[in-house]
Structures are given as C-alpha cells and as structure tokens.
Amino acid sequence: MSENDPTQQLIAAARGAMANAHAPYSRFAVGAAVRLTDGSIVTGCNFENASYGLSLCAETVALASVNAQGRFADVAEIAVVGGAMDGVQEALVTPCGRCRQIMNEAEQMAGRTLAIYCATPSGDRLLDLRVADLLPHAFGPADLGIGPTKKS
C-alpha cells in the first residue's frame, strides 16, 4: 500500500497520536484515529492516571472527541496502533473489551459497518477487522430499541 492510500493515512494518523500518549506507568503508548464520513480524521491517545482505573484508552478518547463534535453518527472507520514506548518490541494491538463495546455503540448509532484497522507501529503487520469480529453477539443500542442517529 502506498502512503496515499486512505487506510495508510488513517494508520499514520493513529501512529502520530501514539506519540502524544500519556503513559508514564505502563510505558505502553496507543494511538487511535477515526475517519468520519466526510473524510476528516479525529485522533486520540491513551491517557493514564496514577489511580490506574481512571485511565482512558486511545479509542475511547478519539470516539469521545468525535461525539463532542456532534459527529458520532459520522464514524466510518478506525485505526489503532500501539506499542512499548521504548520501541524495542513490536505489538499488534487490538482494542480492549471496553473499547470494543464503545466501537459497537458507534457502529450501531452510525448505522454502518465500521472497518477497524489494527497495525504495528512500523506498519509491517495489519489486521483488517470489523466490530463483529472483535465483539460477536454484542449488546448495544439496537437491543434497547434505539436506532442510528442521523443529523442531516
């Protein structure tokens, strides 16, 4: 894939966000990038806290930022890149359970299947997944009778 490829651009944005991670405790940085239906990209990175349980995942930060812009129904695809801050070991990071549930929420509220790209920091390995791959038989808005929200 070339650097002009939209998927590679999304992964590069996630990699750039990874550089801003606040991860002094785990020393494991994660960046996420969300492409919206108009092609714009919103990023997020993990944000740790000394009371570990209050830490935020990159995917959650990015999707919460999208929602803060009133664009939650416009999510089209997501990229996640992560690894040790010392860069010694390559990791192919997939979203945690909480992030998978939040991605399911985004997918159901958007009313479209979302592509989820998980890549190593170097870009040598890439998983092209869907929410159903990550969270089969998910519970979400549809189970509560809530459908996609379109603002246009």
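Residues numbered from 1 in each chain as written. Predicted model: local features only at pLDDT ≥ 70, side-chain atom pairs only at ≥ 80, totals over all residues. Heavy atoms only, no water.

Draft legend 1. Quick peek at the packing of helix α2 (residues 58–68) against helix α3 (residues 97–110). At a closest axis distance of 9 Å, the pairing of α2 and α3 adopts a crossing angle of 25°. Taken together, α2 and α3 sit at an angle that is classed as roughly parallel. Where α2 crosses over α3, the two elements pack in a sense that is left-handed. For the pair α2 and α3, contact is made by Glu59, Thr60 and Leu63 and by Arg98, Cys99, Ile102, Met103 and Ala106, respectively. In the contact of α2 with α3, the residues fall into 5 nonpolar, 1 polar and 2 charged. (Axes fitted to C-alpha atoms, helices over the stretch in contact; angles between N-to-C directions. Helix = DSSP H or I, 4+ residues; strand = E, 2+ residues; numbered from the N terminus. Parallel < 35°, antiparallel > 145°, perpendicular 65-115°, else oblique. Left-handed = near helix turned anticlockwise from the far one by under 90°. Contact = heavy atoms within 4.5 Å. Nonpolar A, V, L, I, M, F, W, Y, C, P; charged D, E, K, R; others polar.)

Draft legend 2. Spatial organisation of the pairing of strand β3 (residues 75–84). In terms of residue burial, β3 counts as a mostly covered element, since 8 of its 10 residues are buried. For strand β1 (residues 28–36) and β3, the ladder comprises 9 bridges, and the chain directions are antiparallel. Within β3, the residue paired with Phe28 across the bridge is Ala84. Sheet topology note: the β3/strand β4 (residues 115–119) ladder contains 5 bridges and is parallel. Across the sheet, the residue bridging to Val81 is Ala119, located in β4. With α3 bridging β3 and its parallel neighbour β4, the resulting β-α-β unit is right-handed. (Buried < 20%, exposed > 50% of the residue type's maximum accessible area, 1.4 Å probe, protein only. Pairing = 2+ DSSP bridges. Right-handed = clockwise from strand over helix to strand, strands pointing away.)

Draft legend 3. Broad picture of a nonpolar patch on the surface. Together, Phe139, Leu144 and Ile146 line one region of the surface with nonpolar side chains, adding up to about 320 Å² of accessible area. For Phe139, a relative accessible area of 48% gives the class partly exposed. (Patch = residues over 30% accessible without salt bridge, like charges linked within 9 Å, V, L, I, M, F, W, Y side chains within 5 Å. Areas by Shrake-Rupley, 256 points an atom, 1.4 Å probe, with all protein chains shown as cover. Salt bridge = Lys/Arg side-chain N within 4 Å of Asp/Glu carboxyl O.)

Draft legend 4. Spatial organisation of the layout of surface pockets. When its volume is computed, the largest pocket comes out at roughly 180 Å³. Every residue lining the largest pocket is counted, 13 residues in all, and those nearest its centre are Phe28, Val30, Asn46, Cys57 and Glu59. A breakdown of the residues in the lining of the largest pocket according to their chemical character gives 8 nonpolar, 3 polar and 2 charged. (1 Å grid on protein atoms, 1.4 Å probe; cavity = no way out; pocket = protein on both sides within 12 Å on 5 of 7 lines; lining within 4 Å. Points joined across faces, edges and corners; volume = space filled by probe spheres on them.)

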